[in-house]
Structure formats: structure tokens, C-alpha cells
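Overview (structure and organization)
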Amino acid sequence: MIELTVDGNAVQVEEGATILDACRRAQIDTPTLCYGDTLTPVNVCRVCVVELEGARTLVPSCSRRAEDGMVVHTDSERVRTSRRMVMELLGSSTDLSTAPDALAYIERYDADPARLGAPPAPAPKLDNDLYMRDYSKCILCYKCVEACGVDHQNTFAIAVAGRGIGAHISTELDVPLPESACVYCGNCIAVCPTGALMPTSEFELRQAGEWREEEQTEVDTVCPYCGVGCNLTLHVQDDEIVKVTSPDDHDVTRGNLCIKGRFGFQYVQNK
Amino acid sequence: MPDLKLLADAPSADERAAIDAVVGEEAANGDRVARSDRTRRHLLLPALRAAQRRVGWVSPGALGYASRRLEIPPAEAYGVATFYALLSLEEQPAEVLHVCTDLSCRLAGATVPEGAQPSPCLGLCERAPASLRTVAGTKPREEQIPAESPPLPQASGLKLLRRIADGVDPESPPEFRALERARELGPERVIELVKASPLLGRGGAAFPTGIKWEAVARQPAKPHYLVCNADESEPGTFKDRVLMEQDPFALVEAMAIAMYATGCEKGFIYIRAEYPLAHRRIQHAIEASGLDIELRIGAGAYVCGEETALFQSIEGYRGEPRNKPPFPVEVGLFGKPTVVNNVETLVNVPHIVLGGDARDTRLFCLSGNVSRPGLYEVELGTPLPALLELAGAEPAKAVLLGGAAGSFLRPDQLDVPLSFEGAREAGVTLGSGVVIVFGEQADLVGAVLRIAEFFRDESCGQCVPCRVGTVRQEEALHRLASGKKNGNELAVLADLAQVMRDASICGLGQTAASAVASAVENLGVLA
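Model, not experiment: these values are computed from the prediction.

Residues and elements named next belong to chain B. Contact geometry of helix α18 (residues 444-458) with helix α22 (residues 514-523) gives a least axis separation of 9 Å together with a crossing angle of 155 degrees. In terms of their interaxial angle, α18 and α22 are classed as roughly antiparallel. Residue-level inspection shows L444, V448, I451 and A452 of α18 in contact with α22, the latter providing A515, V516, A519 and L523.

What follows is the structure, encoded as C-alpha cells:
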């Protein structure tokens, strides 16, 4: 076991654990955006930074391994300033209206994105029947790229292209999804933290002003298609399935599904 | 073939030939290569460069062919190709003029003619204004303009530049006396000598070289790699170019000693794309020496001078810096223990091994409003005014020390000893040895805006503080410069400086506000 000090309290974690793991063990609520429990940390959003005594800069808690004797501060002035500024930078450059976690962090850190600029207008791309992409909502967390790549699906339909503020998620030569390698598993949607990727069923209801998440019920079931037995969570509104997800903590799926499980539910409610 | 969906476009015969020259010809049965040969992704950037040098741009056919031959998903190859400023994904003329519009060339009155492309610093600051012409074709070439390298401005007190001042022939192999001596001493003794010397890294971070070497030598994981970082791109820096162009054998010998001492199986030297003469001279020196060193050439990305971004670039990925730790001495190039040393750092090594001149000297690149611009070598601790006097500089307005990642000094703040400790005490950095002098007529506001633009252009885009912070910084400075202030600019700049310094992944973001902040604080520019 490794013992470190987080905000004045001794915390023990297993070898190989991160500072974020230690924060969670100490029940310190640490903001994360690009971190996902089922994905390799890329530590790019920098909202989870903490102050590590002896380090010149702040360190990303999601990927920094905990070491014996580390002394960590998660709520110092430096930490609060960087977290506030990360949220101001994101809020000034991204439409966060469908990103509940990000909106909560803006409030928590008293961030004022408007003083840096106004976010871009929505720009939904609907080049296929199954899901919508709106990169005005993209914070470039790399999660979709990881899910499409070696972390989950091994399809490699998308990657980060361009550089600097022009960096963006793209297929090869920006071709529409139907011309790309996409297999419509929707595992990118499952990890997207901002609603930049959304099933068309959800997008259309939102556009019509009829998406009422607070009224929805969730029903867990088993996918009817093949013998793998993936768990499905059906999101039901007005007695209709409006979206299908899979639990992140499920042994078999780890939040992942295929095109049939995620999108093939219309037959249940054929009209 | 792996299960990849490939691009439909076919390469032209020329593109195919250019790429084949890098990746090898396709076997008759397709590329059914042994599994061990499948990790050829590191050939992606050389293949894309070859295609562009042949036809002037990276066409969909060339991108698709390179992806297929190297078994790289086309989306990822596209991500790599669009990362580099000198690779064009749009058709352009075979001949392109890249005109430097960076700090020293601005001071020399650089203008971009119609049809030419503006370029960040080309590392030709001592002959500003400068440009680079790239010509694609069957005999592709790159020309530095002006072509003539001026003689060294300094004749006495030289150590690292001694052979150059004496007119060493850059094309004929000398005896490698220091390498022979190193082999007599054995690896451990060489490392001890380097550790006992005062040598600190000259790329900007000033890490003790001997400690780095020892750390790699002790790593049980094999193989070990040596990487010479010759991606010199800090605006105002040209020292490594002069060393590589005029005394390439000194560097190759130093690399051989470093490889020997640290147990490196193979060495790489990564030179920025804008240094064609250095490419030729170093390649020739490597071949003439018969060492297992491979030349890799960049494609226009300042951030690739960051050591982990440089690894990513060699490995065929986007030049996005990795988070540290783990440090390169443990997990470096191809995930193996790696020594990364700057060119100037390495050329100190033969002197250490042979003994003799024990002075700890350092190279400084003087440009801007200077009567004798060029590369100077002085002992560490020399006062900055003495260096300025050597070069005939009268900084009426300011001196930029350390480059775009450094700081501006007022004429009354120049009494800084040129040593790491002296600089630290004065709250500045020597960085890569840049000294740009701003005279009476110099446009300081323009220089500050250019620095902000430079960082915005060169940010890799990976982490939020740098990707968005460099843009917001430039916007706030433009508001101040144009008089369209909203009153919060200085507070915003201070907050941006803090989040970029504290929370960026790499040194680019961490220093993106330092020169700007020093201009506001020390010079009162835009304050």
C-alpha cells in the first residue's frame, strides 16, 4: 500500500493507483471531463489538476501515480484558479448547454466564461440516420477517439486533426460518416461528456423541445440480438424508448454496445 | 492486411515511387509481411514528406497509399498530416517561398510578397530578413535565402566554435580522437567525467547532462536510444544550425560517445525541416562515420522541440507532448530508456572527454538591431552588457533574452550575469541563448503581438490552457493595441498567464505568457 496526504488527511491506496483514486478514497469530489473509468487517461482537459508539494506546476490527478509521502492539496488558491480558468476557457469556446458536469463546474468554481468570449452557435451535422455530431459542443477530450480506437472498438474511424485552436475530431479528409470506417456502434456517444455526440432520437426530441430527462425512467434488460448478453438500459419517455445505453460498470460491456443493441429498438414500438 | 477501411483515391506513379523509396516496394503478394515488421508507423512522416517533395502536396491518393502501405488507419494518418505546417493537404505550386515574419526578420523589415507564405522563425536571424524556398519535383530541394553563411563575428576566446573559426572542412571526416579516448576510458568513466563537468543542457531546461546519462545507462530495459534534439525552433535561435552546417563531424562524434557511454543501440537526430544544409551535412557525416544514427526531419512544428513531442513525431504520431512522469530516461522513444540531448550540449562532450579547455562556455545568438549579428561564445557568468558590446549592440529600447519563451529587459535592467544562477536571480532565463536587440526604431507592440501569434499558431491543441489560452491572450493584446479595450484585459492576461504556466502539459504552454508578461511589466508595453 501507498500512503499519501491529501488535504491534510492520510490516505492509503494500492500500488499503481492515481492521485484521483486517492482523492476519491478520501471522498474529495474532484472535477473531471476527459477522464473516463473505462478509458486510458489522456489528461488533456486539466480540470482535475491538484497541487503537489515539490512540483513546479500543478499535476493532473487523473493520470499522476500516487507515491509514498506525496503531499497533495486539492482546493488551494492555485488549484481553484486553474480550475476556474479551464472552465472559463472551455465555456468561451464551446457550447456547454448540454454538458451538465461542465455547467456544474462553472458554477462551483465561480467561472465567468463570458469575459473571455462567446461560445460558437450550434452546428449539428446529420450525415447519417443514427447519430448527430455537433463539434461546437466538443471540448476535445479525446474520449470518442479512444473509444473508437484501441480502448474499445478498434475501428479507428476518427482521430484528432489540425493543430492548436484548429484541432478537431475528424474522419480521414473530413469525409461524411457513411464514407468513413464508422460501424455505428455509438460507443463514442456513450463516452461523450458534452452532448456533442447524440443519438438522432434524442437530438430530434431536443430540437422539438420534447426531451424531458427528468420524466424518463430507466429499465435495465438484456440485449435480444445475440448470445453475448450485453446489458441494456432503456431510457423511456411517454412509454417509448428514446435512447439505449449500457452500464459502465457492467463486466461484459463496460458501457459498450454494437449498432443493434444501441440503435435497433424501433421494432419494439413499430407504428 | 488488418481490417482497415482505406481511401478510394489511388496515388499517381510519382507519388507511389516517392513513398516506395521510403517504405520499400510492395511485395507481389501485397504487404503480407512478418508480424515483427508491422510496426512501421514511424515511417509515416518520412513517407508524407517524400510525397510532398515529389509533387508539392499530400494528395488524397498519397495519403491513402501511405496509410495502406504502413497499415495506419487513414483517419490517423490524416490527423498526422494536418498537424505539420509544412505539409499541405491542398494542391499548391511546386515552388513555394516561405518568408520569415518573426522577431528578428521583422526588425530587418521583412515583407511577404504576393504568392509567398509567411513563416515562423527560420533560424537564419543573423542574415535577416530571410526566407526559405521549397521546390518539389524529381530533384526536390530547399534553399535558404540568403544562401551565404556569414563568417563568425568573433575570433578569440572560442571553444565550441574554435574549429569552425579555424575553417574546418565540414565534409571531410576528421579523426575521432575523443571517441577513441572514450573507448579507452570505458562507459562508466566517461559518465563520471560528464557528471564531474559543469555541463547543463543547452536546449533551455538546463538539466545536468551527466545525471541524465547515468540514469539511462542504469536502466535494465533494452534497447536504449539516443536522440539528438536538433529541432531548434525558438524564435531567434540559430546556434545548432551553425554547429551542424559547419562542423557536423563534431556532433556525430559526440553522439557516438553518448551512445557508447549510455549503452544506446541506435541514435536518432531530429532536425527541423527548415535546415536543408544541415540535413545534407549531417547525413554525409553520419554516412562517412559508419555509425548507427538515423536522420529524421520535421515538417514545421515548434512543439516538436519538446522532447516527448519529438518522440511522438518520430514514432509517426501527432507531435503532442506526453505527460511527465514517466521521464524519457525511463520511458522515451518507442517506450524505451532514452537520452535526449540538444546539439550544443552534445558538442561539449568531446572537450570533456579529452580534457584541455575546461572553461564552461555557452553560445548566444545575437540578432535584431545589432551591428555585428551572429553566433557568439562566451564563458558562463559573462555580463550581458559585455556580450552586447562584442556584437556592437546599443539596445535603446529593449533586449529579448531567451526567445519567445524568455523575457524582455529594459535598457536599465541589462546588468545580468549570463549564467543559470545569475539569470534565475534576475528572474529571467537564458533559454536557448537568444539575444534579440530592439533599437530606437523598433516596434515593440508589434513584437509582442507577434509572440502571442506565434504561440497561438504553434500550440499543439492538446490541453485546454494552451489551446484556448494562447488565443484569448492574443485577443486581449489586440484589444489593448487597438484601443478597443473593455477594461478587464490586464486581469484576463494575468489569469491566463497563471493557468497556462500552472496547468499546461508542456513547456510551450507553460512559457507562452512569459515574454508577453515581461513586456507589460518591464517595458510598460500595452500596460
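Between chain B and chain A, the contact holds 36 residues from the first and 37 residues from the second. Broken down by secondary-structure element, the contributors of at least two residues to the side of chain B that touches chain A are α4 (74-81), α18, α19 (464-482) and α20 (489-503) of chain B. For the side of chain B that touches chain A, the residue count by class is 16 nonpolar, ten polar and ten charged.

Residues and elements named next belong to chain A. Ordered in space as β2-β1-β5-β3-β4, the five strands form an open sheet in which the pairing is mixed. Of all the strands in the sheet, just β2 (9-13) and β4 (59-60) have a single pairing partner and so form its edges. Relative to β2, strand β1 (residues 2-6) runs antiparallel, the two sharing five bridges. Within β2, the residue paired with T5 across the bridge is A10. Contacts between helix α2 (residues 77-93) and the sheet are confined to β3 (49-52) and β5 (71-73), with β3 contributing the most and set at about 160 degrees to the helix.

Moving on, we get to the nonpolar core. All names here are of chain B. A66, M255, I257 and A258 are the most contacted members of the largest nonpolar core, which totals 252 residues. With eleven residues, helix α11 (residues 248-262) is the largest single contributor of residues to this core. In contact with I257, other than residues within four places in its own chain, are A178, L179, A182, V190, V349, P350 and V353.

Residues and elements named next belong to chain B. Split by domain assignment, chain B resolves into domain 1 (13-81), domain 2 (95-145), domain 3 (162-354), domain 4 (361-437) and domain 5 (444-523). A C-alpha centroid distance of 28 Å is found between domain 1 and domain 3. With eight residues of domain 1 at the interface, the matching set in domain 3 holds eight residues. Those elements that place two or more of their residues in the side of domain 1 that touches domain 3 are α2 (44-55) and α4. Top element by residues in the side of domain 1 that touches domain 3 is α2. It accounts for three residues.

Moving on, we come to the sheet that holds strand β10 (residues 374-379) of chain B. Residue and element names in this part refer to chain B. Read across the open sheet, the five strands follow the order β10-β9-β13-β11-β12; overall the sheet is mixed. If you trace the sheet from one side to the other, it starts and ends with β10 and β12 (407-409), each paired once. Strand-to-strand twist of the sheet, defined as the mean angle between neighbouring strand axes without regard to direction, takes the value 30 degrees. Of the pairings in the sheet, the one linking strand β9 (residues 361-368) to strand β13 (residues 434-438) comprises four bridges and is parallel in character. Its bridge partner being in β13, L366 is matched across the sheet by V435. Packing against the sheet, α22 makes contact with β11 (398-401) and β12, and its axis sits at approximately 20 degrees to β12.

Another aspect to go through is unusual backbone geometry. With omega at 0 degrees, the peptide bond leading from A128 of chain B into P129 of chain B counts as cis. Inspection of the secondary structure assignment puts P129 of chain B in the loop between β2 (117-119) and β3 (131-135). Here the bond from K324 of chain B into P325 of chain B is cis, since omega is 0 degrees, no more than 30 degrees from zero. Position of P325 of chain B relative to the elements: it lies in the loop between α13 (307-315) and β8 (338-342). Even without being glycine, D238 of chain A reaches a positive phi, approximately 50 degrees. Among the structural elements, D238 of chain A can be located in the loop between β11 (231-237) and β12 (240-245). For L526 of chain B, which is not glycine, the phi dihedral falls at a positive 65 degrees. Considering the arrangement of structural elements, one finds L526 of chain B in the segment after α22. Assessed through the 21 C-beta atoms surrounding it within 10 Å, L526 of chain B is described here as buried.

The rules behind these values
Residues numbered from 1 in each chain as written. Chains lettered and ligands numbered in written order. Predicted model: local features only at pLDDT ≥ 70, side-chain atom pairs only at ≥ 80, totals over all residues. Axes fitted to C-alpha atoms, helices over the stretch in contact; angles between N-to-C directions. Helix = DSSP H or I, 4+ residues; strand = E, 2+ residues; numbered from the N terminus. Parallel < 35°, antiparallel > 145°, perpendicular 65-115°, else oblique. Contact = placed C-beta atoms within 7 Å. Nonpolar A, V, L, I, M, F, W, Y, C, P; charged D, E, K, R; others polar. Pairing = 2+ DSSP bridges. Core = buried A, V, L, I, M, F, W, Y, C linked by C-beta atoms within 7 Å. Buried ≥ 20, exposed ≤ 12 C-beta atoms within 10 Å, placed from the backbone. Domains from an automatic or database assignment.

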